[in-house]
Amino acid sequence: EIARGSNFFIVNGREITKVTGISDISWAARQLESKQLVVTLGDLGAVYVREGQLRLIPATVGIAGDLVDTTGAGDAWCGAFLGAYSLTGSLEQSVMAASIVSALKCRGWDFQKLLGLRFQTVEDLVDYVVRLKGGGQLTMRRYFGA
């Protein structure tokens, strides 16, 4: 009932199997009635259901730095999702932005990697992450110091 009455219903993979009683996450997501359903899948990313079809937004990988602390990553994901949705009204852009912010959060302890970040648009967030890539692809010359 809550899922049907909510504008968004966001659950993780484990939660959707508990809520529906269906062990297959894909099938469970298709069976749960919700205006807009999003299922977060940790390091795989997240799926949302549109017209009975699952749409995958892969997790953001390759961000500079090591994975340090995943505690609170789901909270960061949800906050970023709501912020992005209030700016864009786009489910897809909001899931993508949430995945980026969650990945950034995991690169430091607590929420230290997020505290100084400020973005006016989702595109600003994307630009920031692309800039983290730095000098681009490592060439053979750079790898061997030639």
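Please refer to the structure placed before this passage.
Residues numbered from 1 in each chain as written. Predicted model: local features only at pLDDT ≥ 70, side-chain atom pairs only at ≥ 80, totals over all residues. Heavy atoms only, no water.

Details of the sheet that holds strand β1 (residues 9-12)
Sheet strands associate in pairs through backbone hydrogen bonding, adopting either a parallel or an antiparallel arrangement.
Line of reasoning, step 1. On the basis of which strands lie adjacent, the open sheet formed by four strands has the order β1-β2-β3-β4 and mixed pairing. The open sheet terminates on both sides in strands that have one partner only, identified here as β1 and β4 (53-58). Strand-to-strand twist in this sheet, taken as the mean axis angle between neighbours without regard to direction, amounts to 20°.
Line of reasoning, step 2. Both β1 and strand β2 (residues 37-40) contribute to a ladder of four bridges, which runs parallel. Bridge pairing in β2 places F9 opposite L37. (Pairing = 2+ DSSP bridges. Helix = DSSP H or I, 4+ residues; strand = E, 2+ residues; numbered from the N terminus. Axes fitted to C-alpha atoms, helices over the stretch in contact; angles between N-to-C directions.)

Observations concerning the layout of surface pockets
Line of reasoning, step 1. Of the volumes computed, that of the largest pocket is approximately 540 Å³.
Line of reasoning, step 2. Looking at the largest pocket, it is lined by 23 residues, and the ones nearest its centre are G42, D43, A73, S102 and C106.
Line of reasoning, step 3. Of all the elements, helix α4 (residues 73-88) adds the most residues to the lining of the largest pocket, at four residues.
Line of reasoning, step 4. The residue makeup of the lining of the largest pocket, split by class, is 11 nonpolar, nine polar and three charged.
Line of reasoning, step 5. A80, V101, L117, F119 and L125 are the residues nearest the centre of the second largest pocket, which is lined by 14 residues in total.
Line of reasoning, step 6. The leading source of residues in the lining of the second largest pocket is α4, at five residues.
Line of reasoning, step 7. Residue composition of the lining of the second largest pocket, grouped by class: 11 nonpolar, two polar and one charged. (1 Å grid on protein atoms, 1.4 Å probe; cavity = no way out; pocket = protein on both sides within 12 Å on 5 of 7 lines; lining within 4 Å. Points joined across faces, edges and corners; volume = space filled by probe spheres on them. Nonpolar A, V, L, I, M, F, W, Y, C, P; charged D, E, K, R; others polar.)

Quick notes on the packing of helix α5 (residues 91-105) against helix α6 (residues 122-132)
Line of reasoning, step 1. Here α5 crosses α6 at 40°, and the two axes come no closer than 10 Å. The orientation of α5 with respect to α6, classified from their angle, is oblique. Crossing hand, α5 versus α6: left-handed. Every residue of α6 that contacts α5 at Q93, M96, A97, I100, V101 and L104 is listed here: V122, E123, L125, V126, Y128, V129 and L132.
Line of reasoning, step 2. Here the residues of the contact of α5 with α6 sort into 11 nonpolar, one polar and one charged. (Parallel < 35°, antiparallel > 145°, perpendicular 65-115°, else oblique. Left-handed = near helix turned anticlockwise from the far one by under 90°. Contact = heavy atoms within 4.5 Å.)

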